[in-house]
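Listed here are the chains, written in short residue letters.
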Amino acid sequence: MLTTRVLLHEVAHCAAPYYVVEDVEQRYRGGKLLAVSHTKHLSHGAFFTATLAAITGHVVLGDQGRLRAAFDHFEAPVASVDELRRELDAQPRIVADEVAYLADLRQFMEDARASTPTAGTPRPPSSYVPETPWGFYLEMTRRRIHRRRKDGSPLLSQRRLAEQISTVFPCSARNISELEHLRQPPDSPAQLTRAMMVTICLGMDPIWTRYNLQLTRWGCGDVTLEQARRLNPEWADLVEHINGLLKAMPPRWSVSGSR
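Residues numbered from 1 in each chain as written. Predicted model: local features only at pLDDT ≥ 70, side-chain atom pairs only at ≥ 80, totals over all residues. Heavy atoms only, no water.

Examining a nonpolar patch on the surface
Part 1: Judged by side-chain polarity, Leu2, Val6, Leu7 and Val11 come together as a nonpolar surface patch covering roughly 330 Å² of accessible area.
Part 2: As for its position among the elements, Leu7 is in helix α1 (residues 4–15).
Part 3: Here Leu7 falls in the partly exposed class, since its relative accessible area comes to 44%. (Patch = residues over 30% accessible without salt bridge, like charges linked within 9 Å, V, L, I, M, F, W, Y side chains within 5 Å. Areas by Shrake-Rupley, 256 points an atom, 1.4 Å probe, with all protein chains shown as cover. Salt bridge = Lys/Arg side-chain N within 4 Å of Asp/Glu carboxyl O. Helix = DSSP H or I, 4+ residues; strand = E, 2+ residues; numbered from the N terminus. Buried < 20%, exposed > 50% of the residue type's maximum accessible area, 1.4 Å probe, protein only.)

Encoded structure:
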């Protein structure tokens, strides 16, 4: 549903600076400098929130900086007005660099294609962006933790993750494997509970989990904060901290269920 809040959110995406001003690296081919490479800002990072706060302050009557105050209260990263202005001023030059690089890359690919014999060679299929399966995020997060543990602690295999969850809820390595290969959220109430507990064990952001994986403690079998603390004390502390911030500044909208 299109509301004022949703509309301003999308407008902020259009207006926020896209590229980081600081150069990251230079692109070369055959010893020739092509263009400067720029990293991209986080889609919901400090410059997005600063842009949204600025637009809301100009458009919404009675805002008077309340959105920026809310960002500060909830400890959201917000760039200063001067930082936002500096990034916005530099965007045209950065975009020109990126356009020049892409044009050179396109010409390079066309030249390579023209010099390659095509007789009897089937054309490759048109490229497309495949849909990301739901369980992909669970698997990749676990694998990233599994690879990065270099302090001598046990690696996070499916079996070990299942053993950790089994301390509060029945779980097996097969259950974890099924979750990681799902294309959509699970239908089984038991698997929903296990999925929520997986995100807790992996330390996934509870707000990101709610909006991207459609998982909440109260929607997955009422996973208690005590259970969450046994699985991941730091995650439980984060949720309690967020709840404290919400109690101090209640949102203008509400949802059913305990947080």
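So, next bit.
Side note on the pattern of salt bridges
Close approach of charged atoms allows side chains of opposite charge to pair.
Part 1: Evaluated as defined, the whole model comprises six salt bridges.
Part 2: Salt-bridge contacts for Arg229 lead to Asp237; the nearest nitrogen and oxygen are separated by 2.7 Å.
Part 3: On the basis of relative accessible area, Arg229 is assigned to the partly exposed category, the value being 30%.
Part 4: On the basis of relative accessibility, which here comes to 41%, the residue Asp237 falls in the partly exposed class.
Part 5: Here the salt bridges do not stand alone but share partners, grouping Arg229, Asp237 and Glu240 into one network.

Focus: the packing of aromatic side chains
Part 1: One pass over the structure, following the stated rule, counts three aromatic pairs.
Part 2: Consider the rings of Tyr18 and Tyr19, whose centres lie 4.9 Å apart with planes at 90°: the pair is edge-to-face.
Part 3: Accessibility expressed as a relative area gives 47% for Tyr18, which makes it partly exposed.
Part 4: Given the relative accessible area of 12%, Tyr19 is considered buried.
Part 5: With 5.4 Å between their ring centres and 75° between their planes, Tyr137 and Trp208 make a pair best called edge-to-face. (Phe/Tyr/Trp six-rings, centres within 6.5 Å; stacked < 30°, edge-to-face > 60°.)

Let's talk about the packing of helix α2 (residues 46–59) against helix α3 (residues 66–73)
Part 1: Where α2 meets α3, the axes come as close as 8 Å, and the angle between the chain directions of the two elements is 150°. Of the possible angle classes, the one that applies to α2 and α3 is roughly antiparallel. Contact residues: Thr49, Ala50, Leu52, Ala53 and Thr56 in α2; Leu67, Arg68 and Phe71 in α3.
Part 2: For the contact of α2 with α3, the class distribution of residues is five nonpolar, two polar and one charged. (Axes fitted to C-alpha atoms, helices over the stretch in contact; angles between N-to-C directions. Parallel < 35°, antiparallel > 145°, perpendicular 65-115°, else oblique. Contact = heavy atoms within 4.5 Å. Nonpolar A, V, L, I, M, F, W, Y, C, P; charged D, E, K, R; others polar.)

Thoughts on the nonpolar core
When a protein is soluble and globular, its nonpolar side chains tend to lie buried together.
Part 1: By size, the foremost hydrophobic cluster in this structure holds 29 residues, and its most contacted members are Ile165, Val198 and Leu215.
Part 2: When residues no more than four places from it in sequence are discounted, the contact partners of Val198 are Leu138, Leu161, Ile165, Ile176 and Leu179.
Part 3: Leu8, Phe48, Leu52 and Ile55 belong to the second-largest nonpolar core, a separate cluster that totals seven residues. (Core = buried A, V, L, I, M, F, W, Y, C linked by side-chain atoms within 4.5 Å.)

A short note on the environment of His13
Part 1: Looking at where His13 falls in the secondary structure, it is placed in helix α1.
Part 2: Once the C-alpha coordinates of His13 and Ser43 are considered, the two residues, 30 residues apart in sequence, prove to be 7.6 Å apart.
Part 3: Every residue in contact with His13, bar those within four places of it in the chain, is listed here: Ser43, His44 and Phe48.
Part 4: A polar side-chain atom of His13 sits 3.2 Å from a polar atom in the side chain of His9.
Part 5: At 3.1 Å, the side chain of His13 forms a polar contact with the side chain of His44. (Polar contact = N/O pair within 3.5 Å; in protein donor to acceptor, adjacent residues only side chain to side chain.)

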